[in-house]
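Descriptive analysis of the structure
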Amino acid sequence: MRLHWNKYAERLGQKGLKIMESILLINDPVLNGTNIIYELPNEGSKLEFESQMNGLLGHLKGHLHNHDITIEVVVNEKIEMKRSYNNQDRYNRFLEINPNIELLRTTFGLDFKD
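Quick notes on the rules
Residues numbered from 1 in each chain as written. Predicted model: local features only at pLDDT ≥ 70, side-chain atom pairs only at ≥ 80, totals over all residues. Heavy atoms only, no water. Core = buried A, V, L, I, M, F, W, Y, C linked by side-chain atoms within 4.5 Å. Buried < 20%, exposed > 50% of the residue type's maximum accessible area, 1.4 Å probe, protein only. Helix = DSSP H or I, 4+ residues; strand = E, 2+ residues; numbered from the N terminus. Contact = heavy atoms within 4.5 Å. Salt bridge = Lys/Arg side-chain N within 4 Å of Asp/Glu carboxyl O.

Looking at an unreviewed UniProt entry, the protein carries the name DNA polymerase III, with the source organism given as Flavobacterium calami.

This is how it looks when you write it as C-alpha cells:
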C-alpha cells in the first residue's frame, strides 16, 4: 500500500502538483484492515488532501485490487517536524546517513563553527 501511495505522490510531483506531493509524504499512512488512517499537521493540509483524495483512492483501489479501501484523515497539530538546529546536529544527521563523512572530515582536517 505504501509503495503505491508513494508512487502516486511521485506522479503528482511530476505533474507539477508539488504541494499535494509534499502533503502525501508528510507522514506514513497507517493501514487498519481496509481503512487507511492518515495524520496531517493542520486543517489547511487536510482540506488540500481531501480535495485530491478521490484520485488517490481510485489509484489505490485499482492497483491494490480492493474496492473497500477508505481513507480517514486525522489532524494532529502536535506533529513536530524533526529539524536540525545547529551545525553539530546537522553533522550528526549526515553522519547517520553516511559514516564516511567522518573519514572525509579527518582526512582534510575539516571542522565546523557554531
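On to the nonpolar core, then. Core analysis: the biggest nonpolar cluster contains 18 residues, and W5, L24, F49, L56, L60 and I71 have the highest contact counts within it. Going through the elements one at a time, α1 (2-14), α2 (18-24), β2 (35-40), α3 (43-64) and β3 (70-75) are the ones with two or more residues in this core. Not counting chain neighbours up to four residues away, the residues in contact with I71 comprise W5, N35, I36, F49, M53, L56, L57 and L60.

Once that is clear, we can look at the pattern of salt bridges. Applying the stated criterion across every chain yields a total of two salt bridges. In this structure, R105 and E102 form a salt bridge, with 2.8 Å as the shortest nitrogen-oxygen distance. Here E102 and R105 lie together in helix α5 (residues 100-107), a separation of three residues that amounts to about one turn. Residue R105 is classed as partly exposed on the basis of its relative accessible area of 26%.

A separate point is unusual backbone geometry. Phi angles above zero are rare outside glycine, and H65 is one such case at about 55°. On the basis of relative accessibility, which here comes to 70%, the residue H65 falls in the exposed class.

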